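Fold and contact review
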Amino acid sequence: MTDTLLPNGIQDGGGDGSYFRKGCNPFAQSGRSKLQNKRASLNQQIIKEMRMRAGAENLLKASSNNKVKEMVMLELSYVNANLQLLTGQLEALNSSVEVYQNTQETANIPLIALGLKETKEVDFSTLFKDFILEHYSEDGNSFNDEIADLMDLRQACRTPTRSDAGVELLAKYYSHLPLIETRFFSPNHQAGIFFTWYDSFTGVPVCQQNLSLEKASVLFNMAALYSQIGTRSDRQTIVGLEEAISSFQKAAGTLHHLKETFTHTPSYDMSPAMLSMLIRMMLAQAQECLFEKTALPGIRNQFYSLMKMAQEAAKVSETYDQVHQSMIQTPIKDNVPFFWSTMSQVKTNHYRSMAHFFVGSALLDHQLGPSDDEDQQEKTLSQVYDRLPEGCSPLDILKDREERNRIGKAHIRRAILGHEEALRIYGLCHHLNKLEILEDILKASHQRTLNKYSENENQEEFTDYMEAPDIISKTEHKAELEVPATTKGPLSVFSAKQRWTAPRTIQLRPEDRDLGFTLKGDSPVQVVSLDPLCPAAADGLKEGDFIIAVGDTDCKWFSVSEVMRLLKDVDEEGIDIQVVSLMDSNPQMPTKSATFSGNLPKTYSMICLAYDDDDKKSRKVSKKSSFLNWGLKNKLKSASTLSLPTADSGSLPWNKHCPTFPSSSSYNNDSALY
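Notes on the structure follow. (Residues numbered from 1 in each chain as written. Predicted model: local features only at pLDDT ≥ 70, side-chain atom pairs only at ≥ 80, totals over all residues. Heavy atoms only, no water.)

Let us now look at the nonpolar core. Residues Leu255, Leu278 and Trp340 are the most contacted members of the largest nonpolar core, which totals 112 residues. Looking at which element gives the most residues to this core, the answer is helix α11 (residues 338–365), with 13 residues. Ile506, Leu541, Ile577 and Val579 belong to the second largest nonpolar core, which has 19 residues in total. (Core = buried A, V, L, I, M, F, W, Y, C linked by side-chain atoms within 4.5 Å. Buried < 20%, exposed > 50% of the residue type's maximum accessible area, 1.4 Å probe, protein only. Helix = DSSP H or I, 4+ residues; strand = E, 2+ residues; numbered from the N terminus.)

Put into structure tokens, the structure is as follows:
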């Protein structure tokens, strides 16, 4: 968990004068950073124990000596015991929610934050430079600074700050990954770069050569950082609660995007079942913050306000109950921290009890008076209950004082039982016992409910064991997925999936201010409408070529207007340009190309006309899906040569080169088509 300085010790471009990237602070000695350092250390110890276990198991299979087997079995028992201890320590780190809370937090129930996934350093330098030279025919050493910046950016992403700047840092690196994948990771060729990430729950490392694991892990860390920002927010203010709500919704949206985009990630913490649970947990915490935002100005002691807050609290309880149910399912329960499932269970009971307390208070403290709207109260009460006790109707409850008090006290009793259950569950988890603020809140809620019951208790009445009906959950503001703004997709031209010819130099000599072709495209710029009689065509320029340089200016990413600006001032001596051609059976070319002969335009379709050198007669070649097919053997060998033409090439002799394919040997062939 260390970071590196920017190349050559230069300052960061973020403008803060620091020597580290904006959004990264590896030297911060906070409780959160110390927690991540412990996580990294535990991951290394888990790897060591797993290697020892694998070696012992292999020795056990290979050995036939009983004494050796006994020693190996003893060693395995020690290793497994150590692994259980390390896993317990890792679970304790995931349960250390107190370090993520706001330092001024004194009156809110703690929230759960995700820890960042750890990774190993990766060296792109050698392999990228070799690939640039081999595939793009350029000197890889000329990109030393760019590769170093990329490596520094990845290193900085290992220690992001808990702020929007830290999220932007991860998003910046994530936006680079599709472009890197397109240009350096061919589907038919392994780049030889290994990305290793550690499971945030088990500490087990996962290693892959493709970028899918890298992208998925960066997305997971973005969601984790959003959850940490949410837990740090000051929930005693409206602004802080809005920040927490937005952060948890963005965390859920990022996890949902991860789940939908990367469906086969081998890491357990990014499995579909685990991600579904994490999404529910983030939305539940967002819903809890929405409830706190509604209650922050104060709950008016009125019938309608209390009924509304009861349904809002029931909604929070319902969402946490769904989280708890997903946590206790078989694929998840073995590795989810016990603290998490216990916390969700505590909150389920706590908020359900609050809902019953609000309904009980509304019925006990606000009797139906002459000035009250009877129809409106009846409608409100009917929307609170899914079912009523047999023989009761909402209007009967409102009009009958005894029945109203009877059901109101039933709600208070159920609230007392719920608070007692929350306190009981709280005592079962030793990690929860460290959260004194949680215990204080649970006890205060329990005492408030007891006081309410004692205020309305009549010693002369017989004990009524009627059970209060369930409360329908309802909310005016439901927590929703909020996907952060994503970056653009990768470019499709200069990529590892395409095969290119070596760059060719063409000399342009204008005739009557006309270069003999037109340009199209954004970047890179492509040659179209080439006059086959112009000097550029005679020098080897082809229809569909991409211009990569004009003179000494690299213009791979220039637009048409920028390239035309470079070409408009060409003098009589001309200028050299560099072009490349796609070695593809379906090159990117327009559906029609116009040639010029004697200033009269002639348009030919892309059904190519092949010329026989012997009789100079033209004949049509039927358009097939591919003139040249890759042979299976060539594919397996990743060869750069093409297989022989099939019968689709027409009746040309077998030793005649097919002139319809823009191969490197036909650049100076007069019979090649443009």
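Picking up after the structure, the text goes on.
Further remarks concern the packing of aromatic side chains. Scanning all chains against the criterion turns up eleven aromatic pairs. On the numbers, 6.1 Å between centres and 50 degrees between planes, the contact of phenylalanine 124 with phenylalanine 195 is tilted. In this pair, phenylalanine 124 is assigned in the loop between α2 (66–94) and α3 (125–136) and phenylalanine 195 in strand β1 (residues 195–198), connecting sequence segments 71 residues apart. Here phenylalanine 124 matches phenylalanine 195 in class, with each residue buried. Here the aromatic residues Phe124, Phe128, Phe131, Tyr136, Phe184, Phe185 and Phe195 are joined through ring pairs into a cluster of three or more. The cationic tip of lysine 117 hangs over the ring face of phenylalanine 220; the distance from NZ or CZ to the ring centre is 5.7 Å. (Phe/Tyr/Trp six-rings, centres within 6.5 Å; stacked < 30°, edge-to-face > 60°. Lys NZ or Arg CZ within 6 Å of the ring centre and 35° of its normal.)

Structurally, arginine 158 is set in the loop between α4 (144–156) and α5 (164–184). On the basis of relative accessibility, which here comes to 13%, the residue arginine 158 falls in the buried class. Within the local environment of arginine 158, its side chain forms a polar contact with the backbone oxygen of threonine 119, the two atoms lying 2.8 Å apart. (Polar contact = N/O pair within 3.5 Å; in protein donor to acceptor, adjacent residues only side chain to side chain.)

Turning to the packing of α3 against α5, a few remarks are in order. In the contact formed by α3 and α5, the axes pass within 11 Å of each other and the chain directions differ by 50 degrees. Relative to α5, the element α3 is oriented oblique. In this structure, α3 contributes Phe128, Phe131, Ile132 and Tyr136 to the contact, and α5 contributes Ile180, Arg183 and Phe184. Considering only residue class, the contact of α3 with α5 consists of six nonpolar, no polar and one charged. (Axes fitted to C-alpha atoms, helices over the stretch in contact; angles between N-to-C directions. Parallel < 35°, antiparallel > 145°, perpendicular 65-115°, else oblique. Contact = heavy atoms within 4.5 Å. Nonpolar A, V, L, I, M, F, W, Y, C, P; charged D, E, K, R; others polar.)

This paragraph deals with the pattern of salt bridges. Close approach of charged atoms allows side chains of opposite charge to pair. Per the stated rule, a full pass over the model turns up 19 salt bridges. Here lysine 556 and glutamate 138 are joined by a salt bridge, their closest N and O atoms 2.7 Å apart. Remark: glutamate 138 occurs in the loop between α3 and α4 and lysine 556 occurs in the loop between β7 (553–554) and α17 (560–567); sequence separation between them is 418 residues. Between aspartate 554 and lysine 556 there is a salt bridge, with its nearest N and O atoms 2.9 Å apart. Classification of aspartate 554 by relative accessible area gives partly exposed; the value is 40%. By sharing partners, the salt bridges in this structure join Glu138, Asp554 and Lys556 into a single network. (Salt bridge = Lys/Arg side-chain N within 4 Å of Asp/Glu carboxyl O.)

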